[in-house]
Amino acid sequence: MNFLNFYQILFLIILGAIVIYATGRMSWQEGWKQLEKPSLKGDVPSIIDRAKKMIDQANSKEKVIELINLYEGILKIEPANQEVLTELCSFCFLVGFGYAIKKEERKEYCLKTIKYSEQIMYLNPDFKSLVDKGEGVWEACRVLSVKEMEAMSYWYLAGGAYWKGCLGVLGKIININWPIRFKRVLARMMEIEPTWLNGFPYYSWANYYAVAPKLLGGDMEKAEEYYKKAIEQGPSMLNFRRSRAYFFHAKRKDKDSFRKDLEWVISQDPHKAGVSQSFSYPSYPWNIFLQRDAKNALANIDNYFK
């Protein structure tokens, strides 16, 4: 009887482990498998012009979601419009990372960001060929170019936000391979053009080194070096200094530098900050969020230095 009980208990333990692994594993249907055929007709350029005017007023979660709905409507006319897919990556990630409070909503919008970024990558015929044969994004990204840098950046950001913000401790252990995969995509971005978008690849590496545990390559000295490189390339980028405050200065218990970086963020013009001379992207909705977030952090600064 005791012998049977032992195997029954062992079976239940193994079954439980399988269930936990299956339900806790990071997975999604690849974006290229969610491509839809055109189902509507419309004047895409005029709708895009309307959306661009709305961008300058998108200072709340509700207005950003309104933009998302408008752009998703355009996809029903032109599913492979890269400009529209890129805007959707940006705004979906803004909701998932910036405005979502509940984990389920954060996960929903991070997965939307991943979906649209993968659809952009799939427009590259070499990438399409590789993933159609079964390769993952982190493998097939070796054939991507500067044309897909935005897609790679949002895939990296949304995937990292999903892993960091939507999983518990056990979930992170089960999915310990994903940070390594994200790192491979980031490495490809560095190979292509480390100064892209005012030094965004440098900035992403800085965040990685500051946040990652030592086991996965965390290194505060490298974080400091790469934040410096990023800010040299993008001196008007609000997110560079905001992230440095949160991930680097707070970790170093440097309260004065924390305050200095966030006060700088708040002092900038949200309509002008972050705009690159060689690249145009919807910075205003992001800048408004970043400034609001910085104000909140300064109002509760002691919470970061307990």
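Above this text sits the structure in question.
Starting afresh in each chain, residues are numbered from 1 along the sequence in its written order. Two thresholds apply to this predicted model, a pLDDT of at least 70 for residue-level local features and 80 or more for giving and counting side-chain atom pairs, whereas whole-chain, interface and lining totals are computed over all residues. To get the side-chain values, all heavy atoms of the structure are used, and hydrogens and water are removed first.

**Student:** Help me out: how do you make sense of the overall build of the chain in this one?
**Tutor:** Labels follow the DSSP assignment, with helices taken as runs of H or I lasting at least four residues and strands as runs of E lasting at least two, numbered in each case from the N terminus. In terms of helices and strands, the chain carries 15 helices and zero strands. Each residue is placed in one exposure class: buried if its accessible area under a 1.4 Å probe, protein chains only, is under 20% of its type's maximum, exposed if it is over 50%, and partly exposed if it falls in between. Across the 306 residues that make up the chain, the buried fraction comes to 50%. For the chain, the share of sequence-separated contacts (at least 6 apart) that also reach a separation of at least 24 residues comes to 68%. About 15800 Å² of surface is accessible on the chain, with carbon and sulfur atoms providing 54% of the total. Contacts were defined at the residue level, with two residues in contact if any of their heavy atoms lie within 4.5 Å. Exposure was quantified through the Shrake-Rupley algorithm and a 1.4 Å probe, taking into account, for residues, occlusion by the shown protein chains and nothing else.

**Student:** When you look at the nonpolar core in this model, what are you seeing that I'm missing?
**Tutor:** In globular proteins that are soluble, nonpolar side chains generally tend to be buried together. In plain words, nonpolar cores are sets of buried Ala, Val, Leu, Ile, Met, Phe, Trp, Tyr and Cys residues tied together by side-chain atoms within 4.5 Å. Grouped together as the largest cluster of nonpolar side chains are 96 residues, with contacts concentrated most on Tyr71, Trp155 and Phe258. Contact partners of Phe258, with chain neighbours within four places excluded, come to Ala245, Tyr246, His249, Ala250, Ala297, Ile301, Tyr304 and Phe305.

**Student:** Can you help me understand the side chain of Arg242 in this one?
**Tutor:** You can see Arg242 is positioned in helix H13 (residues 238-252). Note on Arg242: relative accessible area 6%, which makes it buried. Within 3.5 Å is the distance limit for a polar contact, defined as a pair of N or O atoms, with the added protein rule that one can donate a hydrogen and the other accept it, and that residues adjacent in sequence qualify only through two side-chain atoms. A polar atom in the side chain of Arg242 sits 2.9 Å from the side chain of Asp293. Among all residues touching Arg242, those that are not within four sequence positions of it are Phe97, Leu262, Val265, Phe289, Leu290 and Asp293.

**Student:** Would you take a moment to explain the packing of helix H12 (residues 220-233) against H13 for this structure?
**Tutor:** In helix packing, the relevant descriptors are the interaxial angle and the interaxial distance, both defined with respect to the helix axes. Axis definition: a line fitted to C-alpha atoms, limited for helices to the stretch in contact. Angles are taken between N-to-C directions and run from 0 to 180 degrees. The N-to-C vectors of H12 and H13 enclose an angle of 160°; their axes lie 11 Å apart at closest approach. Considering the angle they form, H12 stands roughly antiparallel to H13. Crossing of H12 against H13: the hand is left-handed. Between H12, through Met220, Glu221, Ala223, Glu224, Tyr227, Ala230 and Ile231, and H13, the contact on the second element is made entirely by Phe240, Arg241, Ser243, Arg244, Phe247, Phe248, Lys251 and Arg252. Here is the rule for angles: anything less than 35 degrees is roughly parallel, anything more than 145 is roughly antiparallel, 65 through 115 is roughly perpendicular, and the remaining ranges are oblique. Take the far helix as the reference: if the near one is turned anticlockwise from it by less than a right angle, the crossing is left-handed, and if turned clockwise, right-handed.

**Student:** Would you take a moment to explain the packing of aromatic side chains for this structure?
**Tutor:** Here the distance between the centres and the angle between the planes together describe a pair of aromatic rings. Planes of paired rings set the category: under 30 degrees apart is stacked, over 60 is edge-to-face and the rest tilted, where pairs are Phe, Tyr or Trp rings (Trp by its six-membered ring) whose centres lie within 6.5 Å. The tally for this structure, following the rule as stated, stands at 28 aromatic pairs. Ring geometry for Trp28 versus Trp178: centroids 4.9 Å apart, planes at 40°, classification tilted. With Trp28 in the loop between helix H1 (2-24) and helix H2 (44-55) and Trp178 in helix H10 (residues 177-192), the pair connects residues that are 150 residues apart, well separated along the chain. A relative accessible area of 6% places Trp178 in the buried class. Relative to Phe240, the ring of Tyr203 has its centre 4.6 Å away and its plane inclined at 25°; by these criteria the two rings are stacked. In this pair, Tyr203 is assigned in helix H11 (residues 196-211) and Phe240 in helix H13, connecting sequence segments 37 residues apart. Since its relative accessible area comes to 7%, Tyr203 is described here as buried. Among the aromatic residues, ring-to-ring pairing joins Trp28, Trp138, Trp155, Tyr162, Trp178 and Phe182 into one connected group. The ring of Tyr226 carries Lys229 above its face, with NZ or CZ at 5.0 Å from the centroid. Above the plane of the ring of Trp264 lies Arg241, whose end atom (NZ or CZ) is 4.0 Å from the centre. Whether a charge sits over a ring comes down to the Lys NZ or Arg CZ being within 6 Å of the ring centre and within 35 degrees of the ring normal.

Read these as geometric descriptors, not functional statements.
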